[in-house]
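Chain and residue survey
The residues making up each chain are set out below.
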Amino acid sequence: MSRTGKVLLIAGPFVAGAAAVAVGRRAKRRTPARHRHVVTVYRPLVELEVTQLPGSLSEIVDRVEVSLAAAPGGRGTEIAIRIPDGSPITDGEVRRALRETRSLLEAGDVLLPSGPPTTVSTPLNRPLQKVTAHGREGGLL
Amino acid sequence: MKALQWQGINKLAVGTVPDPELRNPGDIIVKVTRTVTCGSDLHLIGGYIPFMEKGDVLGHEFLGEVVEVGPDVRNHRAGDRVVVSSFISCGSCWYCDQRLFSLCDNGNTNPAITETMWGQAPSGCFGYSHAMGGNAGSHAEYIRVPFADVGAFTVPDTVSDERAVFASDSASTGWMGADLGGVGPGDVVAVWGAGAVGQMAARAAVLLGADRVIVIDRLENRLDQVRRHVGAETLNYESDDIAGELRERSGGRGPDVCIEAVGMEAHSPGPQFAYDQLKQQLRLQTDRPVAVRDAIHACRKGGSVFVLGVYAGFVDKFPLGALMNKGLTVRGAQMHGQRYIPMLLERMAKNELVTEYLATHVMPLGEAPEGYRIFKEKKDDCVRAVFVP
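The structure presented is a predicted model; accordingly, all values stated were derived computationally and were not measured. (Residues numbered from 1 in each chain as written. Chains lettered and ligands numbered in written order. Predicted model: local features only at pLDDT ≥ 70, side-chain atom pairs only at ≥ 80, totals over all residues. Heavy atoms only, no water.)

Our next topic: the overall build of chain B. Helix and strand content of chain B: 14 helices and 17 strands. For chain B, whose C-alpha radius of gyration is 20 Å, the value lies close to the compact-globule estimate of 21 Å for 389 residues. Along the first, second and third principal axes, the C-alpha set of chain B runs to 60 × 45 × 45 Å. Looking at chain B as a whole, 62% of its 389 residues qualify as buried. (Helix = DSSP H or I, 4+ residues; strand = E, 2+ residues; numbered from the N terminus. Rg over C-alpha atoms; globule rule 2.2 N^0.38 Å. Buried < 20%, exposed > 50% of the residue type's maximum accessible area, 1.4 Å probe, protein only.)

All right, on to the sheet that holds strand E2 (residues 65-70) of chain A then. Residues and elements named next belong to chain A. Read across the sheet, 3 strands follow the order E1-E3-E2 without closing on themselves; strand pairing throughout is antiparallel. The open sheet has two free edges, formed respectively by strand E1 (36-41) and E2, since each of these has just one partner strand. Averaged over all pairs of adjacent strands, the angle between their axes in this sheet comes to 20 degrees, without regard to strand direction. Across 6 bridges, E1 lies against strand E3 (residues 77-82) in antiparallel orientation. Looking across to E3, one finds that arginine 36 is bridged to arginine 82. Its contacts with the sheet place helix H3 (residues 91-107) against E1 and E3, and it is angled at close to 10 degrees to E1. (Pairing = 2+ DSSP bridges. Axes fitted to C-alpha atoms, helices over the stretch in contact; angles between N-to-C directions. Contact = heavy atoms within 4.5 Å.)

As enumerated under the stated definition, the model contains 24 salt bridges over all chains in all. Between glutamate 137 of chain A and arginine 96 of chain A there is a salt bridge whose closest N-O contact spans 3.5 Å. In this pair, glutamate 137 of chain A sits in the segment after helix H4 (126-132) while arginine 96 of chain A sits in helix H3, placing the two residues 41 residues apart along the sequence. Arginine 144 of chain B is paired through a salt bridge with aspartate 27 of chain B; the nearest N and O atoms lie 2.7 Å apart. Note that arginine 144 of chain B is positioned in strand E8 (residues 142-145) and aspartate 27 of chain B in the loop between strand E2 (11-16) and strand E3 (28-36), a separation of 117 residues in sequence. Members of the salt-bridge network, linked through shared partners, are Arg212, Glu233, Glu245 and Arg249 of chain B. (Salt bridge = Lys/Arg side-chain N within 4 Å of Asp/Glu carboxyl O.)

Side chains of Leu278, Leu282 and Leu284 of chain B sit close together on the surface and give an oily, nonpolar patch of about 320 Å² of accessible area. Within the fold, leucine 278 of chain B resides in helix H10 (residues 271-281). (Patch = residues over 30% accessible without salt bridge, like charges linked within 9 Å, V, L, I, M, F, W, Y side chains within 5 Å. Areas by Shrake-Rupley, 256 points an atom, 1.4 Å probe, with all protein chains shown as cover.)

Looking now at the side chain of asparagine 236 of chain B. Among the structural elements, asparagine 236 of chain B can be located in strand E12 (residues 233-236). Among residues more than four places away in sequence, those in contact with asparagine 236 of chain B are Asp217, Arg218, Glu220, Leu223 and Ile242 of chain B.

Moving on: the interface of chain B and chain A. On the chain A side, the residues contacting the 50 residues of chain B number 46 residues. Of the roughly 4,200 Å² buried between chain B and chain A, counting both surfaces, carbon and sulfur atoms make up 59%. Across the pair arginine 99 of chain A and glutamate 115 of chain B runs a salt bridge whose closest N-O atoms are separated by 2.6 Å. Broken down by secondary-structure element, the contributors of at least two residues to the side of chain B that touches chain A are helix H2 (94-97), helix H3 (111-118) and H10 of chain B. Looking at which element gives the most residues to the side of chain B that touches chain A, the answer is H3 of chain B, with 5 residues. (Buried area = accessible area lost by both parts, 1.4 Å probe.)

In this section: the UniProt feature "domain: Alcohol dehydrogenase-like C-terminal" (unreviewed entry) in chain B. The positions that UniProt labels "domain: Alcohol dehydrogenase-like C-terminal" (unreviewed entry) are, in the present scheme, residues 196-265 of chain B. Taken end to end, residues 196-265 of chain B is 44% helix and 20% strand, and its two terminal C-alpha atoms sit 16 Å from one another. (UniProt positions renumbered as here; feature names shortened; annotations may be inferred.)

All names here are of chain B. Considered for burial, the residues of helix H8 (residues 220-230) that qualify are Asn221, Arg222, Leu223, Gln225, Val226 and Val230. Those residues of H8 that are buried lie in contact with helix H7 (196-207), strand E11 (212-217), E12 and strand E16 (359-364). The first or second residue beyond H8 is glycine 231, which carries a positive phi of 80 degrees.

Quick look at the domain arrangement of chain B now. All names here are of chain B. What the domain assignment reports for chain B is domain 1 (2-169 + 335-388) and domain 2 (174-332). Distance from the C-alpha centre of domain 1 to the C-alpha centre of domain 2: 25 Å. At the interface, 27 residues of domain 1 touch 25 residues of domain 2. A buried area of about 2,400 Å², summed over both sides, lies between domain 1 and domain 2, and 61% of it is on carbon and sulfur atoms. Broken down residue by residue, the surface that domain 1 buries against domain 2 is led by Tyr48, Tyr340 and Tyr357, which jointly contribute 27%. Counting every contact that joins domain 1 to domain 2 gives 1 salt bridge. Of the charged contacts in the structure, one is a salt bridge between aspartate 179 and arginine 339, with a shortest N-O distance of 3.8 Å. At the surface where domain 1 touches domain 2, the tally comes to 7 residue pairs in polar contact (both at pLDDT 80 or more). Every element with two or more residues in the side of domain 1 that touches domain 2 is listed here: helix H1 (39-45) and helix H13 (337-349). Its residues assigned to classes, the side of domain 1 that touches domain 2 shows 15 nonpolar, 6 polar and 6 charged. (Domains from an automatic or database assignment. Polar contact = N/O pair within 3.5 Å; in protein donor to acceptor, adjacent residues only side chain to side chain. Nonpolar A, V, L, I, M, F, W, Y, C, P; charged D, E, K, R; others polar.)

In C-alpha cells:
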C-alpha cells in the first residue's frame, strides 16, 4: 500500500465520523435558533391551498404557521413555515415535511432509499448511519 | 445476488447481497449486463469522499435488461434493453425543467449531508456514497432504478451493449462539458485528462465544430486513443510545455474553452504535486486542483473553463486573480445525463460517436476487485474495465 493509502487508512474513518457528526451537530445547533423554514415548490400558487397540502406537512399544518407566496420568475410557490414559540414540533420535522411535500407536489411521490440494505453496522459506520437515518430532517433548509 | 462491495478504505470484495426490490411505483429492476469502472469511484474507494459504509455496492455507469416494472412506469416493460443515467432525477422539479437534471430537488434521500457541506444538495447517484443518496450501485447482477421513465432509455437495436453503456455517464459527462462550456464552430478547445470522460469531451468538441481540439495527459496509450478515435491533437505534460504549446496552437490567445476532466486526485510534474498531495494527506485541503489551476491560467481572456472532474470540498491556491482579471466564465456540474442520452444514442447509431474502444478490459463481475486494481494503477494500458455480471 502506498504512503497515501496508509495515511488515508488511518485518517479516513475519523474524517468520515467527524464529518457525519458535524452534520448532526450543526443541525442540532440550529434547533433552538431556527423557527422559520421555507422551500420553493415548482407548482403555481393558484393550484395550492394551505389546508390541502399533501404529505407529512398535512400532519402538522394546524400546529405551525404556514404561508404561501408566488416565487419570482415562474419558479413556483414559496411555502414558508414558522414554528410557534414553545411548540414541541422540531426543525427536523418541518424540514422533512417540507421536502416530502415538495416531492409529492412535483413528482407525485417521495423517493425511498434503496433496499434491502447491503451494509453492515460497524463502530465507524454508526455516526454516518445516525445522520442518514434522518436524511431529510437535517441540512440548512 | 453477487455484487462488488466497498469493505473499507482500499478494500473491495465481491459478496452476496439481497436482491433489490421495487420501492416506489416509478421504479424498475434492471438485470445488469455491462457495468463500468469510473475514475470517480477511486475517490470513494480511497476514502477521499468519506461517506461510505461497509457493504455499499459501487458502480454508476451501466446498461441492462428490464426485468420488473413498477405500476406507474409508462415508458418501459420487461425485456427492454436500457441504458441508465448515473444521476437520479424526478423530471418534474424546476431544476429538471431547466434540464439541469443532476440538480434535481427530489432525487436524493439524504440531502442533509451535501446541503450542509455545499449550501444546497444536488441529486442522488447510483453507487456513489450516502452523501449522494446511498443508492445501491450497478456492480451487481440487478439494480433498482427509481424514476425510470425519466432516467432509463431504450437502446436502439443498431447500437451494441459495448457502445451504448458509455452513454450512461462518460459520454454524457463529456458532452456536457463541451456543451455547457460553450464550444462552437471555430473554437480552440483544450481538454485536461484523456480518460474516458476527457476523450468524450474532446469528441463532443469535434462534433460541435471546434476548429482545434487538444487533449492533455501523461499516458501515451490514452493519447494514442485520442489521436486514433477522437480526431484530436495531443500533448503530454511530462514532455511538452503545455502552457507554451496551447498559446502557440491558439495564435497566442489561449484556448477559447478549457475542459477539466481530471478531478481531485490530479497528478502533475514538479513541486506543485508534492505540495498538493501533502496538503491533501494532512486534510488541509480535500482535493488536488492541479488541472483546474492550469486550465484557468491557460484560458484566453473572456474564455470559458468547465470543471468536469469530481471535487468534494476545498482547494488551496485557487487562481482567483486570473479568473477575475481575465474575465473568465467558470462552470461545473455533475452530469445531466437525461439531457444528453437520447441524442448520444442517435449519434452512436450513426457511428458519429464510437465508444467501445474505451473498454480495454472486459471481465466477469467476480474479478471486479482485480479490475479496479488494474484500473487504479493504470496497468496493462487500462482505460476502463467493464464488468459482465
